[in-house]
2 protein chains.
Amino acid sequence: MRGNLFAVAVNLIVLTVRSHRLHVLLIERGEQPFLGEWALPGGFVQPDEDLVHTGTRLLREETGDPTGDAVVGHLEQLGSYADPSRDPRGRVLSVAYLALVPDLPEPTPGSDAAASAWRPVDEVGPLAFDHEQLLADGVERARSKIEYTTLAASFCPPEFTVTELRRVYEAVWRSELDPRNFQRKVTSTDGFLVPTPTLVTGGRGRPPRLFRRGPATVLHPPMLRESHRVNRNGDAPEQ
Amino acid sequence: MRGNLFAVAVNLIVLTVRSHRLHVLLIERGEQPFLGEWALPGGFVQPDEDLVHTGTRLLREETGDPTGDAVVGHLEQLGSYADPSRDPRGRVLSVAYLALVPDLPEPTPGSDAAASAWRPVDEVGPLAFDHEQLLADGVERARSKIEYTTLAASFCPPEFTVTELRRVYEAVWRSELDPRNFQRKVTSTDGFLVPTPTLVTGGRGRPPRLFRRGPATVLHPPMLRESHRVNRNGDAPEQ
DNA sequence: TCAAAAGTGTTTCACATACACCCATGT
DNA sequence: ACATGGGTGTATGTGAAACACTTTTGA
């Protein structure tokens, strides 16, 4: 068997929405290399562990939720990164996993972390390794996937209002959506939202209804970030 | 550094369209394990090689195009597979790359292959390792990406007709598209197709115009596989 | 002259946008 | 009463679907 050997790590891009802004879970490294610097949480794949198993194990560790019951969110593989110079210790391939979770309590640092915290994705400074690239790719994946899937609900608690769901879209896309058209769009898409009998009182205006996630996973037609009329095709229009 | 070590391979899902059907490039293994069985082409990542470099190197080797000039197609990372039992030799992580290429001449087998051939994707039998899974994931990625990108043109030669492009969509999606609406759609999307002065004579009807790829990479709005009216949301509609 | 394939015009319908308007609550 | 946010109704525009029709070639 030719080829040299790699250590294989899994890194998590754990995204959530807190106070109307998209946040990512970061740790302060407690070991070399990059000791004291901020990084994405992660760890090595153990013997007899599959990648997705490593991902869920790390997600439970870093969110401080050993049973996994509280994290009802979404976990998917994002991609692998193996630039020969990405880790000073040697050849390390990192498989990035993207996690979308509801707003959780403050995280408890994992074993190799000095501290951990939620940080707004547009205020993240330099990160260890190539983790800025991983984070950028993860945010981009999240932004595009909520267009044509129902994954935005993964950022919400089990029961939520239409406005809470709209705040998720607005936070991830950093854009404003018309509340009235959004309401009609999500409530008229079969299988997206299941109404509950509960109305939330205590707020200022008319009490909103609570919804649960429905069985639908894709959105046809997709949710649109903005008008179709802008030319997103990049360069000079032809003819 | 905890965690055990992996061999890291890159496997290619090379797709093309031949005689109106989607084909994949397969090799007959010339080494153990799985000697004599069909598999996806691949090879190990060499020292100081990045993943995408391994992918392009292998693509040139397997297509018999050492300069890479003929393969003007598309190469992107699909995902990584690392089930502990996927390779009897031990712990091997495979990074799958998806390649979309124009119809090429018959391939020349790479170093570790006894033979290689283009096979229709819906007539592929059992494959070595977990390569059936890789192939299914690659075909699914190709099917969805040509909806909202201009990547279908990667299956075409540098100059092609609108009908040739439509045959690509029909082969990948195994569906029929209205030639007249397709024509208007692709020619009116800014930056997708650039007309050339050339008309192709020799066919039976009115000579079609040749086009080249334009600078556009995304399709807004997307190409639709079939009518919007069918409910693709899966399960029982709510409320 | 006819068949065949390329390409255009037109009607209809789905749905996004924009926004007027009503509903139900806290203060 | 009134402000505030939830939710519905409706006019307008864009683009997909369906298909009649014209154009341009080979046989």
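Rules behind the numbers
Residues numbered from 1 in each chain as written. Chains lettered and ligands numbered in written order. Predicted model: local features only at pLDDT ≥ 70, side-chain atom pairs only at ≥ 80, totals over all residues. Heavy atoms only, no water. Domains from an automatic or database assignment. Buried area = accessible area lost by both parts, 1.4 Å probe. Salt bridge = Lys/Arg side-chain N within 4 Å of Asp/Glu carboxyl O. Core = buried A, V, L, I, M, F, W, Y, C linked by side-chain atoms within 4.5 Å. Buried < 20%, exposed > 50% of the residue type's maximum accessible area, 1.4 Å probe, protein only. Helix = DSSP H or I, 4+ residues; strand = E, 2+ residues; numbered from the N terminus. Contact = heavy atoms within 4.5 Å. pLDDT = per-residue confidence, 0-100. Near = heavy atom within 4 Å. Polar contact = N/O pair within 3.5 Å; in protein donor to acceptor, adjacent residues only side chain to side chain. Nonpolar A, V, L, I, M, F, W, Y, C, P; charged D, E, K, R; others polar.

1. Considerations on the domain arrangement of chain A
Residue and element names in this part refer to chain A.
So, step 1. According to the domain assignment, chain A contains domain 1 (7-146) and domain 2 (149-213).
So, step 2. Taken over C-alpha atoms, the centre of domain 1 sits 27 Å from the centre of domain 2.
So, step 3. A combined buried area of about 1,500 Å² lies between domain 1 and domain 2, and 68% of that area is made up of carbon and sulfur atoms.
So, step 4. The interface formed by domain 1 and domain 2 contains zero salt bridges.

2. Some points on the nonpolar core
Side chains of a nonpolar character, in soluble globular proteins, are inclined to be buried together.
So, step 1. Counting residues in each nonpolar core, the largest one holds 41 residues, and the members touching the most others are Ile13(B), Leu15(B), Val24(B), Leu165(B) and Tyr169(B).
So, step 2. Looking at which element gives the most residues to this core, the answer is helix α3 (residues 162-173) of chain B, with seven residues.
So, step 3. Two domains share this core, each providing at least three of its residues, namely domain 1 (7-146) and domain 2 (149-213) of chain B.
So, step 4. Sequence-distant contacts of Val24(B), that is, excluding residues within four places in its chain, are made with Ile13(B), Val14(B), Leu15(B), Leu40(B), Ala117(B), Trp118(B), Arg119(B), Val121(B), Val124(B) and Leu135(B).
So, step 5. Counting residues in hydrophobic clusters, the runner-up holds 40 residues, among them Val24(A), Tyr81(A), Trp173(A) and Leu177(A).

3. Thoughts on the confidence of the model for chain A
So, step 1. Taken residue by residue, chain A gives an average pLDDT of 90. The fraction at 70 or more is 90%.
So, step 2. Low pLDDT, under 50, characterises residues 227-239 of chain A; the stretch is placed with 24 contacts to residues that sit more than four places away or in other chains.

4. Considerations on the protein's contact with DNA strand C
So, step 1. In the neighbourhood of DNA strand C, 24 residues make up the surrounding shell, with Asn181(A), Lys185(A), Arg204(A), Pro207(A) and Thr163(B) lying closest.
So, step 2. Restricting attention to atoms of DNA strand C within 4 Å of the protein, one finds that 57% of them are sugar or phosphate atoms.
So, step 3. Note that a base nitrogen of DNA strand C is positioned 3.5 Å from one of the side-chain N or O atoms of Arg180(A).
So, step 4. In the environment of DNA strand C, a sugar or linking oxygen lies 3.3 Å from a nitrogen or oxygen atom belonging to the side chain of Arg206(A).
So, step 5. Mapped onto the surface near DNA strand C, the elements with two or more residues apiece are α4 (179-188) of chain A together with α4 (179-188) of chain B.
So, step 6. With four residues, the single largest contributor to the surface near DNA strand C is α4(A).
So, step 7. Of the residues assigned to the surface near DNA strand C, the class counts are five nonpolar, seven polar and 12 charged.

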